[in-house]
Amino acid sequence: MEQIFEEQNFSEDKLHEECGVFGIFSHNEDVALNTYWGLYALQHRGQESTGIVVTDGERMKIKKGMGLVADVFKDGVADLQGYAAIGHVRYSTTGASMPYNIQPLKVYFDGGNLALSHNGNLTNAGQLRANLAKEGAVFNTTVDSEVVLNLIAYSARPTIEERVAEAVNQIKGAFAILLMTDNKIIAVRDPYGFRPLVLGKMENGWCVASESCAFDLVGAELVRDVKPGEMIIIDSDNSEPRSMMWAENKPAKPAHCIFEYVYFARNDSIIDNQSVYDARIQMGRELAKETPDIHPDIVISVPDSGTPAAIGYAMEAGVPFLEGLTKNRYVGRTFIQPTQKQRANAVRLKLNPVRSVVEGKSVVMVDDSIVRGTTLKESILRILDRLHPKKIVVVSSAPQIRYPDYYGIDMAHLEEFCVFRATVALIQERGMEDVLGEVYSNCLKALRKPKGAIEENPVKGVYKPFTVEEINRKIVEMLRPQGMTTPVELVFQSIEGLHEAIPYNHGDWYFTGDYPTDGGMRQVCRAYINFYKNIIQNS
């Protein structure tokens, strides 16, 4: 009997951005259609659900659903008429994957209609939600974004701008928020600038989006980034949007998420005045500079996210870049797999090596990052080994990912990272379990400190006994498929090399453990404590 199996989901071994937002204000443009195109350009930021809400000054009309932009709006958006709109694409990190959590969210309060689209993650949403519930607030979703709407509604400030400012000064974490009233759009970016948000100008109107690539599709010109801690108010087609710095406690320096450049953002976007594509090319160049002793015959990439860095590596090393892995972009989410053998070869539906490129060659294969390493082990290395290359050097344009993110990225748990697992394996092999216990004790001590008093991430102690090279060798040992005959090496970009390609004002806590907020420090301590308790229980 034929069986239907879920396709092996190769995106599971990647990080996932939470959402993308787009907004437009214009009396002369089809705002719903332009929002549709804007969301289409931002589809890479979220594929779970999407929605658009439009206002004509008196009424708001909303259309949203589960699925991709093209599917949810397959019947068009002609029924959404107005002069302002905001839209959203979602990949959930908080709140279940359910229809009631689809954004934009829309409510009616004493100030009229109010809609919200949010990209990011609020670290204190649980406590705020509990406090609001005690005051009688009713919640219709399980997403943290709804807390913001309630804070605005409960505010007694006289203007919507002041109410929004009061609300966002109470929330913590990462956020790029678009709010729409009956007659204006308000854009807000968190004080650290974790998540990107950009302002664009149309011939007769303004737009704002998570990435500038959305502007190219609607014919808008990138004006600038929304500043960390800034609120922008758009209520006119041609007048310059008003700006106010709302953050009462602005940090000394921003912490823009560096993974926007490594993986999330589209190649053609410009974020915080830096071309994403140029940054990725430079990452590859820095990798080549750091590995002068590697002398490959060819450079290939894990398509598509590793390709720009691979091109940069090849340019710097003076080695040909060739398409060694071909990606089938037309594979659906399910397929027929009648036998176990075909099921084991499922990767070939997505990726297949080019024999004439790989066979007998010494290959450098560049990927943007390595998280769990499962795709590398179960798929890519296995299919490349069948062509008997002389050698494979796996190169990551991101440094070793050692710590989880708590600012709006759907990321593996601490114990799932291949770097962490390899380090713990080294500790256990060498009889150094006391290191794990010491880190556990330090995490407990850190959590007892007053808010803001944790100066050093205790989890760093796990990695201190080992060099990067020792950990790399252990990762290769763990990820090498059974029976593989081709020699394999693994190289990660250094943190210094990454910052040569990308300025230092971009947050790198995934690699360094230097979380910019007290909340991040505390959450990683809790994550390690849970990991350690599981070890004790299972020992």
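Caption draft 1: Up close: a nonpolar patch on the surface. On the surface, Leu-33, Trp-37, Tyr-40 and Leu-217 cluster together into a nonpolar patch covering about 360 Å² of accessible area. When residues of the nonpolar patch are assigned to their parent elements, the largest contribution, three residues, is made by helix H1 (residues 31–41). Judged by relative accessible area, Leu-217 falls into the partly exposed class, the value being 44%.

Caption draft 2: How the structure looks around the packing of aromatic side chains. Using the criterion set out here, one finds 23 aromatic pairs in the structure. Between Phe-194 and Tyr-407, the aromatic rings sit 4.3 Å apart at their centres with planes inclined by 10°, giving stacked as the arrangement. One end of the pair, Phe-194, is in the loop between strand E10 (185–189) and strand E11 (198–202); the other, Tyr-407, is in the loop between strand E24 (391–396) and strand E25 (409–410), and 213 residues separate them in sequence. Where Tyr-407 meets Trp-509, the ring centres are 5.1 Å apart and the plane angle is 80°; that geometry is what we call edge-to-face. Highlighted residues: Tyr-407 in the loop between E24 and E25 and Trp-509 in helix H17 (residues 509–512), separated in sequence by 102 residues. Both residues of the pair, Tyr-407 and Trp-509, belong to the buried class.

Caption draft 3: Geometry of the sheet that holds strand E6 (residues 84–90). With respect to topology, seven strands assemble into an open sheet ordered E5-E4-E6-E3-E12-E11-E13, the strand pairing being antiparallel. On the outer flanks of this sheet lie strand E5 (60–66) and strand E13 (221–225), each paired with one strand and no other. Across the sheet, the mean angle from the axis of one strand to that of its neighbour is 15°, orientation sign disregarded. Sheet topology note: the E11/strand E12 (residues 205–209) ladder contains five bridges and is antiparallel. Counterpart to Gly-200 in the pairing with E12 is Cys-207.

Caption draft 4: Structural context of the packing of helix H13 (residues 418–429) against helix H14 (residues 433–447). Orientation of H13 relative to H14, taken along the N-to-C sense of each, is 125°, at an axis distance of 7 Å. The orientation of H13 with respect to H14, classified from their angle, is oblique. Between H13, through Val-424, Ile-427 and Gln-428, and H14, the contact on the second element is made entirely by Glu-433, Val-435 and Leu-436. Along the lines of polarity and charge, the residues of the contact of H13 with H14 split into four nonpolar, one polar and one charged.

Caption draft 5: Up close: the pattern of salt bridges. By the definition in use, this model includes 28 salt bridges. Note that Asp-514 is salt-bridged to Lys-460, the shortest N-O span being 2.5 Å. Placement of Asp-514 in the loop between H17 and helix H18 (518–538) and of Lys-460 in the loop between H14 and helix H15 (468–479) is noted, with a sequence separation of 54 residues between them. A relative accessible area of 14% places Lys-460 in the buried class. Here the residues in one salt-bridge network are Arg-45, Arg-195, Glu-211 and Glu-260, joined through shared partners.

Caption draft 6: Inspection of the layout of surface pockets at higher detail. The space that makes up the second largest pocket amounts to roughly 510 Å³. For the lining of the second largest pocket, the secondary-structure elements that each account for two or more residues are strand E9 (173–180) and H18. Taken together, the residues that form the lining of the second largest pocket break down as ten nonpolar, seven polar and five charged.

Caption draft 7: Fine view of the packing of helix H3 (residues 125–134) against helix H4 (residues 145–154). Between H3 and H4, whose axes approach to 10 Å, the crossing angle comes to 45°. It follows from the interaxial angle that H3 and H4 lie oblique. At the point where H3 passes H4, the crossing takes the left-handed sense. Contact residues: Ala-125, Leu-128, Arg-129 and Leu-132 in H3; Glu-146, Val-147, Asn-150, Leu-151 and Tyr-154 in H4.

Caption draft 8: Molecular detail of the sheet that holds strand E15 (residues 242–245). Read across the sheet, six strands follow the order E7-E8-E9-E10-E14-E15 without closing on themselves; strand pairing throughout is antiparallel. The strands lining the two open edges of the sheet, one partner per strand, are strand E7 (105–109) and E15. Each adjacent strand pair in this sheet contributes to an overall mean axis angle of 20°, direction not counted. Sheet topology places strand E8 (residues 112–122) next to E9; eight bridges connect them, and they run antiparallel. Counted as the bridge partner of Ser-117 is Leu-178 from E9.

Caption draft 9: Region of the structure containing the side chain of Ser-397. Within the fold, Ser-397 resides in the loop between E24 and E25. Of the residues examined, Ser-397 reaches a relative accessible area of 2% and is grouped as buried. At a separation of 3.0 Å, a polar atom in the side chain of Ser-397 contacts the main-chain carbonyl oxygen of Asp-368. Each residue touching Ser-397, except ones within four places of it in the same chain, is listed here: Met-283, Leu-287, Ala-309, Asp-367, Asp-368, Gln-493 and Leu-498.

Caption draft 10: Looking closely at the nonpolar core. Counting residues in each nonpolar core, the largest one holds 84 residues, and the members touching the most others are Phe-259, Met-365, Val-394, Phe-420, Ile-475, Tyr-510 and Tyr-528. If we ignore the near neighbours within four places in the chain, the residues touching Ile-475 are Cys-418, Val-419, Ala-422, Leu-490 and Phe-492. Formed by 31 residues, the second largest nonpolar core is a distinct cluster that contains Leu-122, Ile-160, Ile-171 and Leu-179.

Caption draft 11: Structural context of empty space enclosed by the protein. As enumerated under the stated definition, the model contains two cavities of 30 Å³ or more in all. Every element with two or more residues in the lining of the largest cavity is listed here: helix H12 (374–385), H15 and strand E26 (488–492). Each residue belonging to the lining of the largest cavity can be placed in one class, and the counts come to eight nonpolar, no polar and two charged. Roughly 40 Å³ of volume is contained in the second largest cavity. Every residue along the wall of the second largest cavity is listed here: Arg-189, Gly-193, Phe-194, Arg-195, Pro-196, His-256, Cys-257, Glu-260, Tyr-261, Ile-271 and Asp-272.

Caption draft 12: Representation of the confidence of the model for the chain. In the predicted model, the chain carries a mean pLDDT of 89, and the fraction of residues at 70 or more is 91%. A low-confidence stretch, residues 332–344 stays under pLDDT 50, and its non-local contacts, those more than four residues away or across chains, total 25 contacts.

Caption draft 13: Region of the structure containing H1. H1 sits mainly inside the fold: eight of its eleven residues count as buried. Taken as a whole, H1 has its buried residues at Val-31, Ala-32, Asn-34, Thr-35, Tyr-36, Gly-38, Leu-39 and Ala-41.

Caption draft 14: Local environment of unusual backbone geometry. The linkage connecting Gln-103 with the following residue, Pro-104, adopts the cis geometry, with an omega of 5°. One can find Pro-104 in the loop between E6 and E7. Residues other than glycine seldom take positive phi values, yet Asp-272 does so here, at roughly 50°. As for its position among the elements, Asp-272 is in the loop between strand E17 (270–271) and strand E18 (274–275). Despite not being glycine, Asn-273 has its phi angle at roughly 70°, a positive value. Of the residues examined, Asn-273 reaches a relative accessible area of 72% and is grouped as exposed.

Criteria and cut-off values
Residues numbered from 1 in each chain as written. Predicted model: local features only at pLDDT ≥ 70, side-chain atom pairs only at ≥ 80, totals over all residues. Heavy atoms only, no water. Patch = residues over 30% accessible without salt bridge, like charges linked within 9 Å, V, L, I, M, F, W, Y side chains within 5 Å. Areas by Shrake-Rupley, 256 points an atom, 1.4 Å probe, with all protein chains shown as cover. Salt bridge = Lys/Arg side-chain N within 4 Å of Asp/Glu carboxyl O. Helix = DSSP H or I, 4+ residues; strand = E, 2+ residues; numbered from the N terminus. Buried < 20%, exposed > 50% of the residue type's maximum accessible area, 1.4 Å probe, protein only. Phe/Tyr/Trp six-rings, centres within 6.5 Å; stacked < 30°, edge-to-face > 60°. Pairing = 2+ DSSP bridges. Axes fitted to C-alpha atoms, helices over the stretch in contact; angles between N-to-C directions. Parallel < 35°, antiparallel > 145°, perpendicular 65-115°, else oblique. Contact = heavy atoms within 4.5 Å. Nonpolar A, V, L, I, M, F, W, Y, C, P; charged D, E, K, R; others polar. 1 Å grid on protein atoms, 1.4 Å probe; cavity = no way out; pocket = protein on both sides within 12 Å on 5 of 7 lines; lining within 4 Å. Points joined across faces, edges and corners; volume = space filled by probe spheres on them. Left-handed = near helix turned anticlockwise from the far one by under 90°. Polar contact = N/O pair within 3.5 Å; in protein donor to acceptor, adjacent residues only side chain to side chain. Core = buried A, V, L, I, M, F, W, Y, C linked by side-chain atoms within 4.5 Å. pLDDT = per-residue confidence, 0-100.

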